[in-house]
Amino acid sequence: MSVEDSNDHTAGQDGIAQLEDRRMLILYGSETGNSQDLAGDLGRLAERLHFRTLVCEMNDVKLSTLLQYQLSIFVVSTTGQGEVPQNALKFWKSLLRKRLQPDCLQQVRFTTFGLGDSSYTKYNWAARKLHKRLEQLGATEFYPRGEADERHEDGIDGTFLPWSLSLRSHLLREYTLPRGLSPIPPEVQLPPKFTIELVPNMDSSDEPMPDRDAQHVEGSNSLDLFPATVTLSNGDRQEPHQEQTFDRTAALFSHVDTPEPKLLEHALRAERLSVNSNTYSARLSEQTAKQIPGGIDTLDRPNVLKDHPEKYALDDSTTKEALPPPDLLPIPRGWPAILRENRRVTPLTHWQDVRHLVFEVGAQPNMARRGELGLLSYVPGDAVVIHPKNFPADVQALIDLMGWQDVADLPFEHRARRDGMISSTPRNCYPLPRSTLRQLLLHNYDITAIPKRVFFQDIAFYTDDPMHQERLRDFANPGLSDEFYDYTSRPRRSILEVLQDFPSVKIPYQHVPSIFPVMRGREYSIASGGSLLKSGDSHVTRVEVLVAIVKYKTVLRKTRQGLCSRYLASLQPGTVVNLALREYDGLQASFCRRPLLAIAPGTGIAPIRAHLWDRREEPRAGEAILFFGGRNQNADFYFKNEWEKLGVKVFTAFSRDQEEKIYVQDRIRQNASQVCDFIQRGAVICICGSSGKMPVAVKTALYDAMVMEKMAPDREAAKLLLHSTNPIWEEVW
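Residues numbered from 1 in each chain as written. Predicted model: local features only at pLDDT ≥ 70, side-chain atom pairs only at ≥ 80, totals over all residues. Heavy atoms only, no water.

(A) Just the overall build of the chain, in detail. Each helix and strand in the chain was counted, giving 23 helices and 25 strands. Buried residues in the chain amount to 52% of all 733 residues. A fraction of 77% describes how many contacts in the chain between residues 6 or more apart in sequence connect residues 24 or more apart. Total accessible area on the chain is roughly 35,200 Å²; 48% of this is exposed by carbon and sulfur atoms. (Helix = DSSP H or I, 4+ residues; strand = E, 2+ residues; numbered from the N terminus. Buried < 20%, exposed > 50% of the residue type's maximum accessible area, 1.4 Å probe, protein only. Contact = heavy atoms within 4.5 Å. Areas by Shrake-Rupley, 256 points an atom, 1.4 Å probe, with all protein chains shown as cover.)

Right under this line is the structure:
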């Protein structure tokens, strides 16, 4: 049942007048999407209480917008070294303007909810700073603020669920509904904020049908920014790899008896791309495929090979998984980058596959100075954002499960529910022009994520099976957290697998944007610095990352793979992807002249390596020592051949190379004298790697070393001394 069908929860004329001023603004600042998800949950909570709500990024509004709403809620993550997220930074800076009057926000009633990680020193600083500044400008807190800790045994939900339920009770009590109007119950479906609709007139006889391969060519014009050949760092010159997309389709036309198959492939491709061509893929027609026996598969198979299929084996044949298409997405401020190296740096016998990826990024036109080219520029501590893609087999499985075969390859466009919305597409969704449903599922919507509670609540409306509906609503019930956790997080069950478990659920294709989360880009710390940025071509910048491929077996003995790391592992050298740069307030250039005390287990070495190569360019660079941790010296001692060249003294802790496990914190205590010598000389302390127990254990070891060397009487005194005298830079994830 939808809201429109339920008169019991719809206001009459008198009620509508009373609800006119019942408005709530929910703003979020988010890096990974967690704050955005919680803001969406609060938006639905408020909507069911008949508030007219707007949920958007903090940067999307001006300070004056707060005055137009009865209530405002801020959901803010803390990132980096106690920093405000990028999509909230502009709004935060507007709050710091000196000319603002102390009472300029006295009409504003607000509360905040912060997301943080207690393993960081500056835990939840962003939300605390924001809350304090709003009060300084005269705003009034209407409900006590909340804070979530990712280290909580129940994660963010451990704090957010009770806080939001109490907020709901407060709103009902303090902001009463008009007489006769009740809250919208969970059994009534809220209208979707975004939908997709078929692009009209796509089967008209007087309009040429688009070719999907031509769409790729049109969407890839950014490749023209690369020179005809690119000079590699080793001096070799190589053609940019632009034929990868052509081979698979052209191979359909190949035959053993063709004397010059490559010429034939290009001739056929040229014919299909020609504006005068009358041929197009039957897969894109709404009507033709239905009239042919065998349908789409017959029409799209120009040549069925009759002899040995192994002669024509391609990378995406039945022996290997078909790879995501190489289309370049229109990522804002994206830089087209050619992958030059995708090398596994751990032995095949090692439990984990770790990759060293090297990209070369060509110069782009400088928007600020016409006629000039701009190079990608970054510093240690910055990260690149890579947008993953779903794999074709998973997408096809979803299409078959939902019964979307007839519309899968037709073009769609996004629609917003109402005109007042800031964008016609969901935030961070960057579809190709005239994307088909298949392309949207490949490039834009995450179908393998672990589902949130709201997913179960939403899909319960799309089944007629009473048992399935009841079970789905149980998983959506905050009071049954253990069941939800045991079904989703513990076995790492994906959205696609949930839908396979509940085959009665049939989601209308129009509702894809409201049901499936947007596929967000993943951040990877840059591992290159100093001279490593330079390539043989002055118009090219190198970017290196070190990526641990996420692949493991669950408690159900099912193999799981991380969405982005699976995608990265599949990329072949020569592939072009769009990279975005995420800048952080990281290691200052002046730090190069101070001693460096670095602690970096595992792939946490990436930003440390970038900084060490930067220090090599500094004539007065300070002395550096590194505490590096891994499992085995012969398996995961990353970049071990570089440290002597960079003048770094390395203390290693390989936990599995001896009977008793040894970690970096043990080596710190064992070398307390040298550690304290560096601390007393004002060393910059860098801690990089996995979040959780490691940062806390490392800092505790530093305090213990100071106590052992008589620099402080106890840990608490050591902590105060260390944080007052030494810059501490943490990059943990």
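(B) Fine view of the pattern of salt bridges. According to the stated counting rule, one finds 36 salt bridges in the structure shown. In this structure, E544 engages R542 in a salt bridge whose closest nitrogen and oxygen atoms are separated by 2.8 Å. When sorted by exposure, E544 lands in the same class as R542, which is buried. Linking E730 and K699 is a salt bridge whose minimum nitrogen-to-oxygen distance equals 3.3 Å. With E730 in strand β25 (residues 728-732) and K699 in helix α22 (residues 693-708), this pair connects stretches of sequence that are 31 residues apart. Taking relative accessible area as the criterion, K699 reaches 8% and is therefore assigned buried. (Salt bridge = Lys/Arg side-chain N within 4 Å of Asp/Glu carboxyl O.)

(C) Molecular detail of the sheet that holds strand β23 (residues 648-654). With parallel pairing, 5 strands are arranged side by side in an open sheet as β23-β22-β21-β24-β25. Lying at the two open borders of the sheet, with one neighbouring strand each, are β23 and β25. The sheet shows a mean angle of 10° between the axes of neighbouring strands, direction not considered. Two elements, strand β21 (residues 596-601) and strand β22 (residues 624-630), share 6 bridges in a ladder whose sense is parallel. By the bridge assignment for β22, A598 is matched with L626. (Pairing = 2+ DSSP bridges. Axes fitted to C-alpha atoms, helices over the stretch in contact; angles between N-to-C directions.)

(D) A look at the nonpolar core. Counting residues in hydrophobic clusters, the biggest one holds 41 residues, and the most contacted among them are W404, L499, I507 and F516. For this core, the secondary structure elements donating two or more residues are α10 (392-402), α11 (437-443), α12 (453-459), α13 (466-476), α14 (481-487), α15 (495-501) and α16 (512-515). When residues of this core are assigned to their parent elements, the largest contribution, 5 residues, is made by α10. With residues up to four places along the chain from it excluded, the contact list for F516 reads L398, W404, Y445, D446, I447, I495, L499 and I507. (Core = buried A, V, L, I, M, F, W, Y, C linked by side-chain atoms within 4.5 Å.)

(E) Focus on the packing of aromatic side chains. In the structure shown here, the tally under the stated rule is 18 aromatic pairs. Measuring from ring centre to ring centre gives 6.1 Å for F456 and Y487, while their planes differ by 65°; the resulting arrangement is edge-to-face. Here the residue F456 occupies a position in helix α12, and Y487 occupies one in helix α14, the gap between them amounting to 31 residues. Of the two residues examined, F456 and Y487, each falls in the buried class. Here the aromatic rings of Y487 and F502 are separated by 6.4 Å at their centres, their planes lie at 80°, and the arrangement is edge-to-face. Within this pair, whereas Y487 is found in helix α14, its partner F502 is found in the loop between α15 and α16, the two being separated by 15 residues in sequence. Exposure remark for Y487: the relative accessible area of 11% places this residue in the buried category. Members of the aromatic cluster, each reached through a chain of ring pairs, are F455, F456, F475, F484, Y487 and F502. Stacked on the ring of F484, the Lys or Arg R453 has its end atom at 4.4 Å from the ring centre. (Phe/Tyr/Trp six-rings, centres within 6.5 Å; stacked < 30°, edge-to-face > 60°. Lys NZ or Arg CZ within 6 Å of the ring centre and 35° of its normal.)

(F) Representation of helix α3 (residues 86-95) within the structure. Within α3 the residues assigned to the buried category are N87, A88, F91, W92, S94 and L95. Down the axis of α3, the smallest arc covering the buried residues is 155°, so these residues share one side. Turned more than 90 degrees away from the buried face of α3, the exposed residues are K90 and K93. Turning to α3, the residues buried within the fold contact β1 (23-29), β2 (52-57), β3 (71-77) and α4 (125-136). (Arc of directions from axis to C-beta.)

(G) Main features of unusual backbone geometry. For N124, which is not glycine, the phi torsion reads 55° and is therefore positive. As for its position among the elements, N124 is in the loop between β4 (109-116) and α4.

(H) A look at the state of the cysteines. Within this structure, the stated rule accounts for 0 disulfides. The thiol sulfur of C686 is not disulfide-bonded, and the nearest other cysteine sulfur, from C688, lies at 5.8 Å. Note on C686: relative accessible area 0%, which makes it buried. (Disulfide = S-S within 2.5 Å.)

(I) Geometry of the environment of L571. Mapped onto the elements of the fold, L571 is located in the loop between α17 (563-570) and β20 (576-582). Separated by 248 residues in sequence, L571 and L323 place their C-alpha atoms 8.5 Å apart. Excluding its chain neighbours within four sequence positions, the residues that come into contact with L571 are L339, N342 and V577.

(J) Expanded view of the side chain of N428. Here N428 is to be found in the loop between β15 (412-416) and α11. Residue class for N428 comes out buried when judged on its relative accessible area of 18%. Of the polar contacts made by the side chain of N428, one reaches the side chain of Y430; its length is 3.4 Å. (Polar contact = N/O pair within 3.5 Å; in protein donor to acceptor, adjacent residues only side chain to side chain.)

(K) Representation of the packing of helix α2 (residues 34-48) against helix α5 (residues 157-174). Where α2 contacts α5, the two axes come as close as 11 Å, and the packing angle between them is 25°. As summarised for this structure, α2 and α5 are arranged roughly parallel, according to the angle between their axes. As α2 runs across α5, the sense of the crossing is right-handed. Seen from α2, the contacting residues are L38, D41, L42 and L45; seen from α5, they are F160, W163, S164, L167, R168 and L171. In terms of residue class, the contact of α2 with α5 is made up of 7 nonpolar, 1 polar and 2 charged. (Parallel < 35°, antiparallel > 145°, perpendicular 65-115°, else oblique. Left-handed = near helix turned anticlockwise from the far one by under 90°. Nonpolar A, V, L, I, M, F, W, Y, C, P; charged D, E, K, R; others polar.)

(L) Structural detail: the sheet that holds strand β17 (residues 540-548). In space, the 6 strands of this open sheet follow the order β16-β14-β20-β10-β11-β17, with antiparallel pairing throughout. In the strand order of this sheet, the two ends are held by β16 (522-525) and β17, each with one partner. Along the sheet, successive strands turn relative to each other by an average axial angle of 40°, direction set aside. Sheet topology note: the strand β10 (residues 335-344)/strand β11 (residues 354-362) ladder contains 7 bridges and is antiparallel. When the sheet's bridge partners are listed, L339 is paired in β11 with F359. Each of β10, β11, β14 (383-386), β16, β17 and β20 touches α17; the most contacted strand, β16, lies at about 65° to it.

(M) Inspection of α2 at higher detail. With 15 residues, α2 ought to run about 21 Å at 1.5 Å a step, and its terminal C-alpha atoms sit 22 Å apart, in line with that. α2 sits mainly inside the fold: 11 of its 15 residues count as buried. Listing the buried residues of α2 in full gives S35, Q36, L38, A39, G40, L42, G43, L45, A46, E47 and R48. Residues of α2 that are buried make contact with β1, β2, β3, β4, α5 and α12. The first or second residue beyond α2 is H50, which carries a positive phi of 70°. (Expected span 1.5 Å × (residues − 1).)

(N) Layout of the packing of α3 against α4. Where α3 contacts α4, the two axes come as close as 10 Å, and the packing angle between them is 35°. Once α3 is placed against α4, the crossing between them reads as left-handed. Across from F91, W92 and L95 in α3, the residues of α4 making contact are K129, L130, R133 and L134. Residues of the contact of α3 with α4, tallied by class, amount to 5 nonpolar, no polar and 2 charged.

What is shown is where atoms sit, not what they do.
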